[in-house]
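Inside the fold
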Amino acid sequence: MDEKIFRAYDVRGTYPDQMNEETAYKIACAYVETVKPKTVVVGRDLREASEKMFDAVVKALTDRGVNVKDAGRMTNPMIGFAVFNYGFDGGIILSASHNPIGYGGMKMTKKDAVTVPGDDSGLKNFAINGVPQYQGQKGKIEKIDIKKDYIDFVRSMIDIKSLKQKKILFDAMYGSVGLILDDVLEGLPVERVNLHTKPDKNFGGLSEPNPLNTQIQQEALELAKREKPDFTVMWDGDGDRVFFLDEKGCFINAPYITAALVEVVAKKYPGSTIVCDERIIWPVERACEKTGTRQVLSKSGYRFMKETFMKEDGVFGAETTAHYFFKETKYMDNGVIPFLMIWQLLSETGKTLSEAVAPYRDGHFMIDEIKFKVEDQSEIIVDLKKKYSDGRQNEMDGLTVQYDDWRFNFRGSNTEPAAKLNLEAKDEKLMQEKVKEVKKIIEKNQ
Ligand SMILES: [Zn+2]
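Residues numbered from 1 in each chain as written. Predicted model: local features only at pLDDT ≥ 70, side-chain atom pairs only at ≥ 80, totals over all residues.

Within the protein chain, the secondary structure is distributed over 14 helices and 22 strands. Taken against the 2.2 N^0.38 rule, which gives 22 Å for 446 residues, the C-alpha radius of gyration of the protein chain at 22 Å falls within 12% of a compact globule. For the protein chain, the spread of C-alpha atoms along the principal axes amounts to about 65 × 55 × 40 Å. Counting all 446 residues of the protein chain, 50% fall into the buried class. (Helix = DSSP H or I, 4+ residues; strand = E, 2+ residues; numbered from the N terminus. Rg over C-alpha atoms; globule rule 2.2 N^0.38 Å. Buried ≥ 20, exposed ≤ 12 C-beta atoms within 10 Å, placed from the backbone.)

Let us look at the nonpolar core. Counting residues in hydrophobic clusters, the biggest one holds 133 residues, and the most contacted among them are Ala28, Tyr31, Val57, Ala260 and Ile342. Here the element with the most residues in this core is helix α8 (residues 254–268); it accounts for ten residues. Excluding residues that lie within four positions of it along the chain, Tyr31 makes contacts with Ile92, Met108, Val116 and Leu123. (Core = buried A, V, L, I, M, F, W, Y, C linked by C-beta atoms within 7 Å. Contact = placed C-beta atoms within 7 Å.)

Taken in spatial order, the four strands line up as β14-β13-β15-β16 in an open sheet, and their pairing is mixed. Looking at which strands have only one partner, the edges of the open sheet turn out to be β14 (294–298) and β16 (324–326). Neighbouring strand axes in the sheet, compared pairwise and without regard to direction, differ in orientation by 20 degrees on average. Two elements, strand β15 (residues 314–318) and β16, share three bridges in a ladder whose sense is antiparallel. Each bridged residue has a counterpart across the sheet, and for Ala318 the counterpart in β16 is Tyr324. (Pairing = 2+ DSSP bridges. Axes fitted to C-alpha atoms, helices over the stretch in contact; angles between N-to-C directions.)

Relative to the 22 Å expected for 16 residues at 1.5 Å per residue, helix α2 (residues 48–63) spans 23 Å between its end C-alpha atoms, a close match to the ideal helical length. Of the surrounding elements, those touching the buried residues of α2 are α1 (21–35), β2 (39–44), β3 (67–73), β4 (90–94), β5 (103–110) and β7 (141–143). Remark: Gly65 follows α2 within two positions and exhibits a positive phi of approximately 85 degrees. (Expected span 1.5 Å × (residues − 1).)

The buried count for β15 comes to five of five residues, which makes it a mostly enclosed element. Bridge count for strand β13 (residues 273–277) against β15 is four bridges, and the pairing is parallel. Counterpart to Cys276 in the pairing with β15 is Ala318. What sits between the antiparallel neighbours β15 and β16 is a turn of five residues, in which Ala322 has the positive phi angle 70 degrees.

To continue, consider the domain arrangement of the protein chain. Each assigned domain of the protein chain is listed here: domain 1 (3–145), domain 2 (147–362) and domain 3 (365–444). Once you take the C-alpha centre of each, domain 2 and domain 3 turn out to be 27 Å apart. On the side of domain 3, eight residues touch domain 2, which itself brings ten residues to the contact. Looking at the side of domain 2 that touches domain 3 residue by residue, the class counts come to three nonpolar, four polar and three charged. (Domains from an automatic or database assignment. Nonpolar A, V, L, I, M, F, W, Y, C, P; charged D, E, K, R; others polar.)

Attention now goes to the environment of Asp152. Among the secondary structure elements, Asp152 is positioned in helix α5 (residues 147–156). In the structure, Asp152 is positioned 31 residues away from Asp183 in sequence and 9.5 Å away in space, judged by C-alpha atoms.

So, on to helix α7 (residues 214–227). With 14 residues, α7 should reach 20 Å at 1.5 Å per residue; the first-to-last C-alpha distance of 20 Å fits that figure. Remark: Lys228 follows α7 within two positions and exhibits a positive phi of approximately 50 degrees.

A few words now on the sheet that holds strand β10 (residues 231–235). Spatial ordering of the open sheet is given by β9-β8-β10-β11-β12, a layout of five strands whose pairing is mixed. Each end of this open sheet is capped by a strand with a single partner; those strands are β9 (190–195) and β12 (251–252). Across four bridges, β10 lies against strand β11 (residues 242–245) in antiparallel orientation. Note that in β11 the partner of Val233 across the bridge is Phe244.

This part is about the environment of Pro100. As for its position among the elements, Pro100 is in the loop between β4 and β5. Classification of Pro100 by C-beta neighbours within 10 Å gives partly exposed; the count is 15.

In this structure's numbering, the residues bearing the UniProt feature "domain: Alpha-D-phosphohexomutase alpha/beta/alpha" (unreviewed entry) are residues 4–119, 148–249 and 259–357. In the segment residues 4–119, helix accounts for 36% and strand for 28%; the C-alpha atoms at its two ends are 9 Å apart. With 27% helix and 21% strand, the stretch residues 148–249 has end C-alpha atoms that lie 32 Å from each other. (UniProt positions renumbered as here; feature names shortened; annotations may be inferred.)

Looking now at the packing of helix α3 (residues 76–86) against α5. Contact pair α3 / α5: the axes reach a minimum separation of 11 Å and the direction vectors enclose 95 degrees. Of the possible angle classes, the one that applies to α3 and α5 is roughly perpendicular. Across from Met78, Phe81 and Asn85 in α3, the residues of α5 making contact are Asp149, Tyr150 and Phe153. In terms of residue class, the contact of α3 with α5 is made up of four nonpolar, one polar and one charged. (Parallel < 35°, antiparallel > 145°, perpendicular 65-115°, else oblique.)

All right, on to the pairing of strand β22 (residues 418–425) then. Taken across its eight residues, β22 has six buried, putting it largely inside the fold. Where strand β17 (residues 365–366) meets β22, two bridges bridge the pair, whose relative direction is antiparallel. Within β22, the residue paired with Phe365 across the bridge is Ala425. Remark: five residues form the turn of the hairpin made by strand β21 (residues 406–412) and β22, two consecutive strands paired antiparallel.

Further remarks concern unusual backbone geometry. For the bond from Tyr15 to Pro16, the omega torsion is 5 degrees, close enough to zero to count as cis. Secondary-structure assignment places Pro16 in the loop between β1 (11–14) and α1. Located in the positive-phi region is Tyr174, a residue other than glycine, with phi close to 60 degrees. Looking at the element boundaries, Tyr174 is found in the loop between β8 (166–171) and α6 (181–185). Backbone geometry places His196, a non-glycine residue, at a positive phi of 55 degrees. Following the sequence through the fold, His196 ends up in the loop between β9 and α7.

Here you go:
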């Protein structure tokens, strides 16, 4: 078994060499030994690899006496929902997220949708070295349909009656959101423009079901220019991240969407706590000031975000990477709720999407995250600390340096030998100057 498949949040690898029916069986056995569940809900994304490994996982669970609820195909956020909504002891979804075709993976949770990390030492040990023999009774398999309850749940997160007629372009990357989109929209005042909304096990030949891939984004951008919808919503292949284009067909960076969503959350939960990661913070800071909510910063990564949410009693939050979290989803990320909330915001305020984000985007400039190939970022951090010794520095998540009119965050990746730079400024020219300057220091040490 290739140990590289055991990652921070899931198990993932190329199919069938790294991940296959045999590894899936072993990992599911290891999961039972680690979590000790009685009843587990199992789901899968659209991939053929997932379908094949699904059977292996179900067999492993029942072979070891665990009852299986077979929930079939679903979006990633639905597995966590199934676990907490029905009180199961855990859930497993066969999914390789938004990776290209040719990958397979598993995401596991225990009770209350608490993530079992892919690199959990117990899980990894049992998967590699085997589990004790089991001679008890076999578990039972029962099919369940969670779709209706899930749709009711996401729709209950907003004031559905407030929604006004909109023309909306939907791009689901041929992914799993296509399984539920008709039901989410049923009876709602929408004129639909559909792009890649039919679920397809090969993602319709897209190189990857990832809306951040600028080549793949192109189709939606062009269609939006032609069709002129009120706004465009794009989901990644597994439906846990969501992106927006405004009424002009321009891409809106996630922190501006997060800031606009804070307005909706603040109405429902006045004075509440909003959690966001360290990478880009000023748009949400403005939204919190405006709405009287409290911004709390967290180390990025699902594990740390969740910890911060629980400690600070956060109700809503997001990562710069367009993962949105809610108290009601037990801090699991969700891609459909932010879409409904944006629709509600535009309906209630009568604003266009570009107007809704304007208070946060005007006078704010941010770069797209820059990735550097580095094995060890400690030398770089030493240099950056020296160069920017007159700035306010903290090392909660890599290195953050802040001045009054610009700031940056430089951090190692949790999942690969790389480091990432994010930078925001109150002036565009300043942003460009500072990116150049910081990049030079990083590249010198590469
Ligand atoms: Zn995803």
